[in-house]
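These are the residues of each chain, in order.
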Amino acid sequence: MSTTGQIVRCKAAVAWEAGKPLVMEEVEVAPPQKHEVRIKILFTSLCHTDVYFWEAKGQTPLFPRIFGHEAGGIVESVGEGVTDLQPGDHVLPVFTGECGDCRHCHSEESNMCDLLRINTERGVMIHDGESRFSINGKPIHHFVGTSTFSEYTVVHSGQVAKINPDAPLDKVCIVSCGLSTGLGATLNVAKPKKGQSVAIFGLGAVGLAAAEGARIAGASRVIGVDLNPKRFDEAKKFGVTEFVNPKDHDKPVQQVIAEMTDGGVDRSVECTGSVQAMIQAFECVHDGWGVAVLVGVPSKDDAFKSHPMNFLNERTLKGTFFGNYKPKTDIPGIVEMYMNKELELEKFITHTVPFSEINKAFDYMLKGESIRCIITMGA
């Protein structure tokens, strides 16, 4: 492309300070350096993680910053040493990576790459410790190595999944974070067998993706647990068959579920980050074979306890990161599941806004009105 090797000027939605509306700015985006690619972002979506770090509650604030990490785009140019991607490739940037060289990348059991594992504190590229974004010479911080709230962004090639060019980017862009996290928690970690029962704690986007995984696996009962009764009607579209609101019961929810299921569910997936929900998710699975999977991220100082007999009675507790998917290796396959009509994405997308109105996406999420809001970059 004619812009190869040159600085690109484009629009970006910049967060200048915590909790304040993003501001549309013209930014300069430097060319990609060693092992980096520059991507023209066509569609991006808002994830709760963006909102959490934009609000800067409970972590070191880093501003000005360009947020965004669920997106789809086209490679504009590649830096030195990039051999598996080229200009024109359709790609999904991912908040975590796969270097291909570390012990985690060589392990079939792990996706927690030593080099490119998510780092929310870093606002620069790892190659040289510099930002690729600037306004009038002043650097603007990156976010989780992706910063997709910009018409062009620079990403480490290990965080870029090359996908089927026929896949609609305005749909599959949501695969690069929350959807895969929930889907993989069920399919890759909980692994329910056909006809088994699954409890899902938390019916936000990740929990609904976990429910979608249970539907795909052929679960006979999918019990949704949430404090918000308004979520149940929506959850039915994702295969949830029954709903439990802990506020409706005067006994622990794990006891309620055990009574509903003759001793407990076969599998549970916890998607809230609440330690109380984590205990409930573990203790509601059936002894002898029950498996509980933790997905939600707890607060820094959280801890929970459960009696050791719950383990000795052959219940299993597991954790997962990004659904145990390796970004470059596995994400293209999720896109193919959608293309083969095995996976439904449209029902996750509740809103669409032009890039110029990106702050509306924040409003929808803060009000609890959206599952996923697609932001159209050219608009």
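Position labels on residues start from 1 in each chain and follow its written sequence. Side-chain atom pairs in this predicted model are given and counted only at pLDDT of 80 or more, local residue features only at pLDDT of at least 70, and totals for whole chains, interfaces and linings cover all residues. By convention in this description, side-chain values take in all heavy atoms of the structure and omit both hydrogens and water.

1. So, the sheet that holds strand 1 (residues 8–14)
So, point 1. On the basis of which strands lie adjacent, the open sheet formed by four strands has the order 1-2-6-7 and antiparallel pairing. A single partner strand is all that each edge strand has here, and the edge strands are strand 1 and strand 7 (138–140). Adjacent strand axes in the sheet meet at a mean angle of 50°, parallel and antiparallel pairs treated alike.
So, point 2. Pairing between two strands is assigned when DSSP locates at least 2 bridges connecting them. Secondary structure elements are defined from DSSP: runs of H or I of at least 4 residues count as helices, runs of E of at least 2 residues count as strands, and each element is numbered from the N terminus. Two elements, strand 1 and strand 2 (residues 23–29), share seven bridges in a ladder whose sense is antiparallel. What sits directly across from V8, in strand 2, is V29. A fitted line through C-alpha atoms serves as each axis, taken over the contacting stretch for helices, and the angle formed by two N-to-C directions is quoted from 0 to 180°.

2. Topic: the environment of N313
So, point 1. Mapped onto the elements, N313 comes out in the loop between helix 9 (309–312) and strand 15 (316–319).
So, point 2. In this structure the C-alpha to C-alpha distance between N313 and W289, which are 24 residues apart in sequence, comes to 9.0 Å.
So, point 3. Setting aside residues no more than four positions away along its own chain, N313 makes contact with D287 and G288. Between two residues, a contact is recorded if the distance between any of their heavy atoms is within 4.5 Å.

3. What to know about the domain arrangement of the protein
So, point 1. When its domains are assigned, the protein resolves into domain 1 (8–174 + 345–376) and domain 2 (181–321).
So, point 2. Each domain span listed reflects an automatic or database assignment of domains. Relative placement of domain 1 and domain 2: their C-alpha centres are 30 Å apart.
So, point 3. Listed by partner, the interface residues are nine residues for domain 1 and nine residues for domain 2.
So, point 4. For the domain 1 and domain 2 pair, buried surface summed over both sides reaches about 860 Å², with 73% attributable to carbon and sulfur atoms.
So, point 5. Taking the shortest distance from any N to any O, the salt bridge between K347 and E212 comes out at 2.7 Å.
So, point 6. Definition of a polar contact: a pair of N or O atoms within 3.5 Å, with one able to donate and the other able to accept a hydrogen when the atoms are protein atoms, and with sequence-neighbouring residues admitted only if both atoms are side-chain atoms. At the boundary of domain 1 and domain 2, one finds three residue pairs in polar contact (both at pLDDT 80 or more). When two parts are brought into contact, each loses some accessible area as probed by a 1.4 Å sphere; the total of that loss over both is the buried area. One speaks of a salt bridge when a side-chain nitrogen belonging to Lys or Arg is within 4 Å of a carboxyl oxygen belonging to Asp or Glu.

4. A word on the UniProt feature "domain: Alcohol dehydrogenase-like C-terminal" (unreviewed entry) in the protein
So, point 1. With numbering matched to this structure, UniProt assigns "domain: Alcohol dehydrogenase-like C-terminal" (unreviewed entry) to residues 205–335.
So, point 2. What you have in residues 205–335 is 37% helix and 15% strand, and the ends, taken at the C-alpha atoms, are 17 Å apart. UniProt positions are given in the numbering used here, feature names are shortened, and annotations may be inferred rather than shown by experiment.

5. Structural notes on helix 11 (residues 358–366)
So, point 1. Whether a residue is buried, partly exposed or exposed follows from its accessible area with a 1.4 Å probe, protein chains only, as a fraction of its type maximum: under 20%, in between, or over 50%, in that order. Among the residues of helix 11, I358, A361, F362 and M365 are the ones counted as buried. Buried positions in helix 11, seen along its axis, are confined to an arc of 100° and lie on one side of it.
So, point 2. Packed against the buried residues of helix 11 are strand 1, helix 1 (48–55), strand 16 (349–354) and strand 17 (372–376).
So, point 3. Backbone geometry just after helix 11 places G368 at a positive phi near 75°. Along the arc lie the directions from the helix axis toward the C-beta atoms.

6. Considering the packing of helix 4 (residues 178–190) against helix 5 (residues 205–217)
So, point 1. Their axes nearest at 7 Å, the elements helix 4 and helix 5 cross at an angle of 45°. Between helix 4 and helix 5, the interaxial angle falls into the category oblique. Both helix 4 and helix 5 take part in a crossing whose hand is right-handed. Across from G178, L179, T181, G182, L183, T186 and L187 in helix 4, the residues of helix 5 making contact are V206, A209, A210, E212, G213, A214, I216 and A217. Orientation is classified from the angle alone, with under 35 degrees giving roughly parallel, over 145 giving roughly antiparallel, 65 to 115 giving roughly perpendicular, and any other angle giving oblique. If you view the pair so one helix is near and one far, a crossing is left-handed when the near helix is turned anticlockwise from the far one by less than a right angle, and right-handed when it is turned clockwise.

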